[in-house]
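# Structural features, examined
Residues per chain are reported as follows:
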Amino acid sequence: MRPVIVAGNWKMHTTPADAGELARTIGARTRVDGVTRVLCPPFVCLAAVRDALADPGVAAPDGSGVAVGAQNVHRERQGAYTGEVAASMLEGLATWVIVGHSERRQQFGETDEVVAAKLTRVIEAGLRPILCVGEQLEAREAGADVAATIVVDQVVNALRPNAGDALWSSGLVIAYEPVWAIGTGRNASGADAAAMADTIRRALRTVAGSVAGLGNGEDLTVLYGGSVSSSNIDEFMAEQAIDGALVGGASLKPDEMAAIVARAGLTARARAAATTA
Ligand code: 13P
């Protein structure tokens, strides 16, 4: 049974003074069994969020807490990279990391090669990667096949150099985030997102077929991201192929997160019931 995950990407919002309180509020309002919750604040807010989430009031009835994730790391282990943060520096601060977000690919020139190197550092550091992939609007408008080809290339180019036991045991999650859906209020349809999730799992099998030890694509957790909100989460969680959401703007709003995690909890319960039946 694949896990159900709701991760919030706070992007460049919040300060160390207010992030802890926001995290605690979201944690307390999303106490739903069976949903893995992750909050990814800016680097400078990681410690405040970690401390706030140590509050027992954020634990779900099943005892699970809210994990902390970073939004990025540098591709090198250390060195003369002014202003950058290495994966190993996150020890004690975060357990998850977003890698290859489209805003980093577009605004900071992160190529597939850079994304693959970052993934290597994240795995080495024992952190859990959320690898983001997704096509631009022109590709989607050119047709589902064109979009799929681009996404498969992103997946294969990030995973092939990392293929092996360490990658599979890292708990890799892939987030399908079509670029045209991010921050636009225009989301992919549940059916299109599910079709891409299946495509991503097939792509993983391609990589696994060439390199032993990567595991079976069916076990790969795939999230959808791009204008997810309380009003469309149902469409995604109703799809078997989708295991949760990577939420941007709505993840800064406790009401929205409460509704999104509550809906994800229904899927988690249904999957658990189907497994024990
Ligand atoms: P929005 O939910 O604001 O569209 O952002 C999605 C995203 O980029 C999450 O990583």
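Since this is a predicted model, take the numbers as computed values, not measurements. (Residues numbered from 1 in each chain as written. Predicted model: local features only at pLDDT ≥ 70, side-chain atom pairs only at ≥ 80, totals over all residues. Heavy atoms only, no water.)

## With respect to the overall build of the chain
Rules: By the criteria applied, helices consist of DSSP H or I runs no shorter than four residues and strands consist of E runs no shorter than two, each listed in order from the N terminus. As defined in this context, the radius of gyration uses C-alpha atoms, and a globule is described by 2.2 Å times the residue total to the power 0.38. Note on definitions: a residue-residue contact is assigned when non-hydrogen atoms from the two residues lie within 4.5 Å. The method behind every accessible area is Shrake-Rupley, applied with a 1.4 Å probe, and residues are considered shielded solely by the protein chains displayed. For this count, His and the chain ends are skipped, Lys and Arg are scored as positive, and Asp and Glu as negative. A single reference atom marks each charge: NZ on Lys, CZ on Arg, CG on Asp, CD on Glu.
Along the backbone of the chain there are ten helices and eight strands. The globule rule puts the C-alpha radius of gyration for 277 residues at 19 Å, and the 17 Å found for the chain is close to it. Along the first, second and third principal axes, the C-alpha set of the chain runs to 50 × 45 × 35 Å. Within the chain, residue pairs in contact and separated by at least 24 positions form 76% of the contacts whose partners lie at least 6 positions apart. Just so you have it, the chain exposes about 11,600 Å², and 52% of that area is on carbon and sulfur atoms. A distance of 2 Å separates the average location of the 24 positive side-chain charges in the chain from that of its 31 negative side-chain charges.

## Thoughts on the packing of aromatic side chains
For clarity, the threshold we go by: Aromatic rings from Phe, Tyr and Trp, with only the six-membered ring used for Trp, were paired whenever their centres fell within 6.5 Å, and each pair was classed as stacked if the ring planes differed by under 30 degrees, edge-to-face if by over 60, and tilted otherwise. Each residue is assigned to one of three classes by its accessible area relative to the maximum for its type, calculated with a 1.4 Å probe on protein chains only: buried under 20%, partly exposed between the two thresholds, exposed over 50%.
The full count for this structure, using the stated rule, is two aromatic pairs. Where Tyr224 meets Phe236, the ring centres are 4.1 Å apart and the plane angle is 15°; that geometry is what we call stacked. Residue Tyr224 is located in strand β7 (residues 221-225), and its partner Phe236 is located in helix α9 (residues 233-237); the two are separated by twelve residues in the primary sequence. In this structure Phe236 comes out as buried when scored by relative accessible area, which is 1%. An aromatic cluster of at least three residues, connected via ring pairs, comprises Tyr176, Tyr224 and Phe236.

## Re the pattern of salt bridges
Worth spelling out the cut-off: Any Lys or Arg side-chain nitrogen located within 4 Å of an Asp or Glu carboxyl oxygen qualifies as a salt bridge.
Summed over the entire model, instances satisfying the criterion amount to 18 salt bridges. Within the structure, one salt-bridge network assembled from shared partners comprises Arg2, Asp198, Arg201, Asp243 and Arg271.

## Structural notes on the side chain of Arg263
Keep this limit in mind: The definition of a polar contact used here is a pair of N or O atoms within 3.5 Å, where within protein one atom must be able to donate a hydrogen and the other to accept one, and adjacent residues in sequence count solely through side-chain atom pairs.
Mapped onto the elements of the fold, Arg263 is located in helix α10 (residues 254-276). Its relative accessible area of 16% is what places Arg263 among the buried residues. Of the polar contacts made by the side chain of Arg263, one reaches the side chain of Thr267; its length is 3.1 Å. Not counting residues within four places of it along the chain, the set of residues in contact with Arg263 comprises Ile233, Asp234, Met237 and Ala238.

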